[in-house]
Amino acid sequence: MDETPESPRARLFAEGRRLPASAARVGTPTRGPGEWSQRGPPLLPVAPSTRVVARLASAWVIAALLGVAAPAPAAERVGNVLVLYSYPWRLPINVEGDRGLHEAIRTSAERPVLVCDETLDAPRFGGPAYEAVVVKYLREKYVAKAPDVLVAVGDVALDFLLTRRTLLFPGVPIVYAGVDQKTLQSMPPLPAGVIGVPIDHTYYPTINLAFRWHPRAHRLVAVTGTSEVDRRIEAQLRAELPRVKPGVTVELLAGLPLDEILRRVAGLGQDAVVWTAGVFRDGANQSFVPRDVVAAIAAASTAPVYTSFDTLIGNGTVGGYSPSIYGIGRQAGEIVNDLLDGGAPGTLRLPRPLPQRLVVDWRQARRWEIPENAIPSEAVVKFKPPPLLEAYPNDVLVAVLVALLQTALIGWLVVEHHRRRRAEAVREVQSLELAHASRLAVAGELTASIAHEINQPLGAILSNADAADLILESPNDRRDEIRTILADIRRDDRRASEVVRQWRGLLAKHALEPRAFDLNGVVRDVESLLRAEARRRGVALRIQPAPTPAETVGDPVQIQQALINVVLNAMDAVAGLPDDRRTITVPVECVDGRVTILVRDRGHGIAPADLPRLFEPFFSTKSGGMGLGLAITRTLVESHGGRIWAENGPGEGARFHIELPAVRGHDDAPPEPA
Amino acid sequence: MSATPLVHVVDDDESFRTALLRLLREAGFEARGYGSAGEFLLRAPVERPGCLVLDLRLPGPSGLELHEALRARGSTLPVVFLTGHADVPAVVRAMKGGAVEFLTKPVEREALFEALRRALERETRQRTASGEAAALLAGWKTLTPREREVLELIAAGKHNKQIACELGIAERTVKLYRANTMAKLGVGSAAELGRMVERLRHLSEEMLTSA
């Protein structure tokens, strides 16, 4: 009996006429409109209902007298609850209230509860004959399962039970739900054992809200129908109009055919807002599910549509103030619990009527450009897309993590790339600077030799000039001798210039301009540059250029410098040795696409332990050495795509190899001048 | 002993050597050039008076090494160093070794000539001194042991009687020895004889023992 709203029976009850699909496109078809509770007993006019009751009363009394047992509450058995609804089952308002009710009613092994639902299915069914059948049906159906508590949902059901109480379930307490305060006030005082929380529902807060949200609007277009319920809604609206914002023009679209209603709302401008509770029956006497009508109006309207029933929100209306139907169901359920627990109806503490709350359709609020900060924080905002993180926490987390990782990786790569490029640039400059400083340092060490190299021709020049002076003073004509002397002077002058040129070439700061050059030339230059130094140290420096050009690409000065460092190193290695061992040989070779300069000395060689560290910066075996010479040399060679390594030669001495990539395709190069 | 001094130029830079020889000859020096220490040792006529213009850096033995070797041989040939570049240790070493002057190229003519003049003067002086010493030694060698004893005592300022007494000989005999000694050494007076003995004493220990 505890049927869900989706049961076949429920569907059977919900057979109000549907709108064509096209007209109802905005709505969600599963949720129909509902008038379960909003206000007074809506569907059946009170008067006829009372008349029916009166007419049926005798029948009910007879039935009672016939001995239909009035079930007595029995704590030790299952608690039976019979819920009687006023209106069709599937009205959303019923579904929502029913959910609250059923969730609130506690059932357990100690106190099992059986909740049975019935509906009067007003206003589609009614009349004395129908009511008689219902009374008979209920009586006979519940003979074995006599209710301990009755729940009347809506004013029709309350009225029905109040008038048939003695016939049907005498003495059984009645809990009413979804009955408006104003309706109760218009009814005779309730008998003992009939309790409940009335609802407090007004329309004007919604209407005033609409004008606050649309400040430019000053026309209220209210849409109602022609049925009894429609008329009652309209009556309440009219009653509340004095409380609507002053200066608002009210247009009531009542008793029009639906098509006309839709046509009208389609022509509204920015000066209008629409309020509706839906239409149960239109001016063409067509019955509708109000929710479908609301959806059609909202779809057609060029002005925002508001409603005061939260079950109508979600199919195109912006929103409105409404009591929580679910909360009303729960309140009734709590009272049922108290009664089943043995509470006397007269002594129960009843909760206060639920306040109205604002329900807003987020999508419509966005559509009508209602600022988010205009929506009160206590409002129930529906259809607001949940934050992604809420909707898919894991997916979002993974996605964010992946994105973060990717970003971090990309960032790292970018940073690393820049760092490396900067470091390379810095190193390039530094290596240029360092190489230059190192060349200057080498030149400083070689000052004596350089001075000697220059002073030699200068000395000759001066002496020649002096000699020429003296010759000129002699009486004889010795012009030939003077000419010879002048020729010698010129030659020595060129010699001095050449020395200066060579050293300046080595020492001048210059930008790197890679070009193809012959290693043989480099070796010859180095020999020339170091000739004086070799003589000063008593070292025989023997170069052996390759028979063919040994071309590589790069900066010849840097390779010169590298070779000077290695040769000076070799000179240090042979210092203090006997004459025949103070020999350094520098052959140039071309092998397999590589060109190699070998520097071979006849010194004591390199200690095996020092070999691996030889090219490390600040590694030096000399007492006064900075340990930069060979480190710089390696940098210079490696920046030319070459490599340098040292080994101990067979027998005695050390061998330094400077190997560089050869330039190909120079077969047609002119032979190196001897 | 030839009268004309000879200037030796040892420099491996042929161009410089040529220029310098040219200048020296124009200035009236007799000069001869050598490319290395070995060439000088082989070809230089050591008997002639003269001086040596020496470069520091030479193939093979350096200028300093040649200088030191000459000194070790007892050569008194004055040396003027003339080099392209001089560092302090080299200059110190050269001057301690008795070099007349240390000049660097390019050298001013007057500075060079002045150094050469001083070198040649010294050479002459040394040669004179060493010639006198040689004569003295030669005379010393002709003296008999008794004459040498008498000479020592005369130099010590003793009178004939004291000498006779000391040596246990007659005074007349002492007078005879004195006359012989003075004749052999070629001196005319006792005072001159005393100065000669003084000079003999100043001659180096080696010269005396080697003599």
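Here the structure is shown first, and the text comes after it.
Quick notes on the rules
Residues numbered from 1 in each chain as written. Chains lettered and ligands numbered in written order. Predicted model: local features only at pLDDT ≥ 70, side-chain atom pairs only at ≥ 80, totals over all residues. Heavy atoms only, no water. Helix = DSSP H or I, 4+ residues; strand = E, 2+ residues; numbered from the N terminus. Buried < 20%, exposed > 50% of the residue type's maximum accessible area, 1.4 Å probe, protein only. Contact = heavy atoms within 4.5 Å. Areas by Shrake-Rupley, 256 points an atom, 1.4 Å probe, with all protein chains shown as cover. Pairing = 2+ DSSP bridges. Axes fitted to C-alpha atoms, helices over the stretch in contact; angles between N-to-C directions. Left-handed = near helix turned anticlockwise from the far one by under 90°. Nonpolar A, V, L, I, M, F, W, Y, C, P; charged D, E, K, R; others polar. Core = buried A, V, L, I, M, F, W, Y, C linked by side-chain atoms within 4.5 Å. Salt bridge = Lys/Arg side-chain N within 4 Å of Asp/Glu carboxyl O. Polar contact = N/O pair within 3.5 Å; in protein donor to acceptor, adjacent residues only side chain to side chain. Patch = residues over 30% accessible without salt bridge, like charges linked within 9 Å, V, L, I, M, F, W, Y side chains within 5 Å.

Would you mind going over the overall build of chain A with me for this structure?
Each helix and strand in chain A was counted, giving 19 helices and 19 strands. Per-residue burial for chain A yields a buried fraction of 50% across its 674 residues. For chain A, restricting intrachain contacts to residue pairs at least 6 apart in sequence, the fraction spanning at least 24 positions comes to 75%. With the model as given, the accessible surface of chain A reaches about 31,900 Å², and the carbon-plus-sulfur share is 57%.

Help me out: how do you make sense of the overall build of chain B in this one?
For chain B, the count of helices and strands is ten helices and five strands. A total of 211 residues make up chain B; the buried ones form 45% of that total. Total accessible area on chain B is roughly 10,700 Å²; 54% of this is exposed by carbon and sulfur atoms.

Could you clarify how one ought to interpret the pairing of strand E10 (residues 319-322) of chain A in this entry?
Residue and element names in this part refer to chain A. Residues Gly319 and Tyr321 line one face of E10 and the alternating positions Gly320 and Ser322 line the opposite face, and both faces are buried. Of the pairings in the sheet, the one linking E10 to strand E11 (residues 357-361) comprises four bridges and is antiparallel in character. Counterpart to glycine 319 in the pairing with E11 is valine 360.

I keep staring at the packing of helix H16 (residues 479-507) of chain A against helix H1 (residues 14-26) of chain B and nothing clicks. Help me out?
Each packed pair of helices is defined by two parameters, the angle between the axes and the distance between the axes. The interhelical angle for the contact between H16 of chain A and H1 of chain B, taken along N-to-C directions, is 145°, at an axis separation of 11 Å. Judged by the sense of rotation from one axis to the other, the crossing of H16 of chain A with H1 of chain B is left-handed. Counting all contacts with H16 of chain A, which are made through Glu481, Thr484, Ile485, Asp488, Arg491, Asp492 and Arg495 of chain A, the residues of H1 of chain B involved are Ser15, Thr18, Arg22 and Glu26 of chain B. In the contact of H16 of chain A with H1 of chain B, the residues fall into one nonpolar, three polar and seven charged.

Teacher, can you tell me more about the sheet that holds strand E1 (residues 6-10) of chain B here?
Residue and element names in this part refer to chain B. If you trace the five strands from one edge of the open sheet to the other, you get E2-E1-E3-E4-E5, paired in parallel fashion. Because the sheet does not close on itself, it has two edges, and the strands there are strand E2 (30-34) and strand E5 (101-104). Put simply, the sheet's adjacent strands are angled 20° from each other on average, direction ignored. The sheet contact formed by strand E3 (residues 50-54) and strand E4 (residues 79-83) spans three bridges and is parallel. The residue bridging valine 53 from the neighbouring strand is valine 80, located in E4. The strands touched by helix H5 (residues 109-142) are E1, E3, E4 and E5; relative to E3, the strand with the most contacts, the crossing angle is about 135°.

Mind showing me how you'd approach the nonpolar core here?
Note on soluble globular proteins: their nonpolar side chains tend to be buried together. All names here are of chain A. One finds Leu519, Leu530, Leu563, Met571, Val586, Val599 and Phe656 to be the most contacted residues of the largest nonpolar core, which totals 53 residues. Per element, the largest residue contribution to this core is eleven residues, and it comes from helix H18 (residues 556-574). Dropping the residues within four chain positions of it, leucine 563 is found in contact with Val522, Val523, Val526, Val586, Ile597, Val599 and Ile658.

Teacher, can you tell me more about the interface of chain A and chain B here?
Where interface size is given, it is often the accessible area lost as the parts come together that is meant. The interface of chain A with chain B comprises 28 residues on the first partner and 22 residues on the second. For the interface between chain A and chain B, the tally reads six salt bridges. Among the ionic pairs, aspartate 469 of chain A bridges to arginine 109 of chain B, the shortest N-O distance being 3.5 Å. Inspection of the region where chain A meets chain B yields twelve residue pairs in polar contact (both at pLDDT 80 or more). Looking at the side of chain A that touches chain B, the elements with two or more residues in it are helix H15 (447-473), H16 and helix H17 (519-537) of chain A.

Teacher, can you tell me more about the environment of threonine 548 of chain A here?
All names here are of chain A. With respect to the helices and strands, the residue threonine 548 is situated in the loop between strand E14 (540-544) and strand E15 (551-554). In this structure, the C-alpha to C-alpha distance between threonine 548 and cysteine 590, residues 42 residues apart in sequence, is 8.2 Å. In contact with threonine 548, not counting residues within four places along its chain, are Asn520 and Cys590.

How should the pattern of salt bridges be read in this particular structure?
Residues and elements named next belong to chain A. Taken as a whole, this structure holds 52 salt bridges over all chains when the rule is applied. A salt bridge links glutamate 527 to arginine 531; the nearest nitrogen and oxygen atoms lie 3.4 Å apart. You can see glutamate 527 and its partner arginine 531 sitting in helix H17, four residues apart, about one turn around the helix. Here the residues in one salt-bridge network are Glu96, Arg99, Glu103, Arg330 and Glu334, joined through shared partners.

Just checking my understanding: could you explain the sheet that holds strand E4 (residues 174-177) of chain A for this structure?
Note on sheets: strands pair through backbone hydrogen bonds, and any given pair is parallel or antiparallel. Residue and element names in this part refer to chain A. One open sheet holds the five strands; their spatial order is E2-E1-E3-E4-E5, and the pairing between them is parallel. Edge positions in the sheet fall to strand E2 (113-119) and strand E5 (194-196), since each has one partner strand and no second. Between one strand and the next, the sheet's axes are offset by a mean angle of 25°, whatever the strand orientation. Sheet topology places strand E3 (residues 149-153) next to E4; four bridges connect them, and they run parallel. Opposite alanine 152, over in E4, you have tyrosine 176 as the bridge partner.

Can you help me understand a nonpolar patch on the surface in this one?
Residue and element names in this part refer to chain A. Together, Leu389, Leu397, Val400, Leu401 and Leu404 make up a nonpolar patch on the protein surface, roughly 470 Å² of accessible area in all. Sort the elements by how many residues they give to the nonpolar patch and helix H14 (residues 393-445) lands first, with four residues. The topology assignment puts leucine 401 in helix H14. Given a relative accessible area of 48%, leucine 401 falls into the partly exposed group.

Any functional reading would require information beyond the geometric quantities listed.
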